[in-house]
Structure formats: C-alpha cells, structure tokens
Amino acid sequence: MLPQLKALTDRLASIGQNHDAAAADVAGAWAIPKGTTPIIGVTKPHYIDSLVRASSITLTSDDIVELEVLADAAGVNTRGFWEQEMQIKAPLP
C-alpha cells in the first residue's frame with residue numbers, strides 16, 4: 001500500500017509545485033470541486049494560509065481524474081458518505 005500512497009502524495013506535491021503550494025493545499029483544492037468544504041484545524045495562523053492557497057488553486061479535470069485514480073489504486077476513499085462520485089463531463093474552468 002505504501003507505494004500507492006507514495007504515488008498519490010508525490011502527485012499532490014508535483015501539482016503543488018506548479019502552484020507554489022504544498023501537497024496539503026492541493027488536497028484541499030481537490031476537495032472543493034467535489035462540493036465539500038475542507039475542514040482545517042485552525043489552531044495556528046498558517047493553517048488559514050493553507051486554506052486560502054487551496055481556494056486559489058484550480059485543478060484541471062485531468063488532475064482530478066489522475067488524483068482519483070491514484071486514490072482508488074491506493075484504496076483511499078476520498079468520498080464522504082453524502083457525496084456522489086464525481087462525473088466530469090466538461091473541463092473545469
């Protein structure tokens with residue numbers, strides 16, 4: 001399982017490098033188009049900065065599909081019980 005998780009976290013980091021952001025920021029940005037609001041512990045000011053960065057990152061539909069595939073391969077369920085599976089029909093803006 002660790003190699004699959006590494007593939008996912010490496011891709012999050014790679015996308016983050018393109019946006020001058022951390023992998024965790026990209027994970028937050030990945031949650032937003034799913035209709036969820038990432039809940040970030042705000043015990044430190046830099047956690048707010050991370051959420052702001054996440055909200056400013058626009059992932060491509062290819063990025064989202066790739067992250068979903070990597071998450072599925074690692075057995076990571078990225079959907080809450082209330083969420084439906086994303087159906088990407090058109091490129092995201």
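Whatever comes next refers back to the structure up there.
Presented here is a report on the structure given in the accompanying data block. Not measured: the values here are computed from a predicted model. (Residues numbered from 1 in each chain as written. Predicted model: local features only at pLDDT ≥ 70, side-chain atom pairs only at ≥ 80, totals over all residues. Heavy atoms only, no water.)

## Quick word on the overall build of the chain
Looking only at helices and strands, the chain features 4 helices and 0 strands. The buried share of the chain, reckoned over its 93 residues, is 31%. The long-range share in the chain, meaning contacts at least 24 apart out of those at least 6 apart in sequence, stands at 67%. Surface summary for the chain: the accessible area is close to 6,200 Å², and the carbon and sulfur share equals 59%. (Helix = DSSP H or I, 4+ residues; strand = E, 2+ residues; numbered from the N terminus. Buried < 20%, exposed > 50% of the residue type's maximum accessible area, 1.4 Å probe, protein only. Contact = heavy atoms within 4.5 Å. Areas by Shrake-Rupley, 256 points an atom, 1.4 Å probe, with all protein chains shown as cover.)

## Description of helix H4 (residues 61–73)
The end-to-end C-alpha distance of H4, which contains 13 residues, comes to 18 Å, matching closely the 18 Å that a straight helix rising 1.5 Å per residue would cover. For H4, the full list of buried residues reads Ser61, Asp63, Ile64, Leu67, Glu68, Leu70 and Ala71. Among the structural elements, helix H1 (2–18) and helix H2 (23–31) are those in contact with the buried residues of H4. Following H4 by one or two positions, Gly75 has its phi on the positive side, about 75°. (Expected span 1.5 Å × (residues − 1).)

## Describing unusual backbone geometry
The residue Asp20 is not glycine, and still its phi comes out positive at about 55°. Tracing the chain through its elements places Asp20 in the loop between H1 and H2. The class of Asp20 is exposed, set by a relative accessible area of 71%.

## Focus on the packing of H1 against H2
The description of two helices packed together rests on the angle between their axes and the distance between the axes. Two elements in contact, H1 and H2, have axes whose closest approach is 8 Å; the angle formed by their N-to-C orientations is 95°. The angle between the axes of H1 and H2 places the two elements in the roughly perpendicular class. The segment H1 lies against H2, with Leu8, Thr9, Leu12, Ala13, Ile15 and Gly16 engaging Ala23, Val26, Ala27 and Trp30. Classifying every residue of the contact of H1 with H2 gives 8 nonpolar, 2 polar and no charged. (Axes fitted to C-alpha atoms, helices over the stretch in contact; angles between N-to-C directions. Parallel < 35°, antiparallel > 145°, perpendicular 65-115°, else oblique. Nonpolar A, V, L, I, M, F, W, Y, C, P; charged D, E, K, R; others polar.)

## Thoughts on the pattern of salt bridges
Scanning the entire structure with this criterion turns up 4 salt bridges. Of the charged contacts in the structure, one is a salt bridge between Lys6 and Asp10, with a shortest N-O distance of 2.8 Å. Taken together, the positions of Lys6 and Asp10, both in helix H1 and 4 residues apart, correspond to about one turn of that helix. Linking Arg53 and Asp25 is a salt bridge whose minimum nitrogen-to-oxygen distance equals 2.6 Å. With Arg53 in helix H3 (residues 45–56) and Asp25 in helix H2, this residue pair connects regions lying 28 residues apart in the sequence. Residue Arg53 is classed as partly exposed on the basis of its relative accessible area of 33%. (Salt bridge = Lys/Arg side-chain N within 4 Å of Asp/Glu carboxyl O.)

## Brief notes about the side chain of Asp25
Residue classification places Asp25 among the buried positions, given a relative accessible area of 1%. Discounting chain neighbours no more than four positions away, the residues touching Asp25 are Ser50, Arg53, Ala54 and Ile57.

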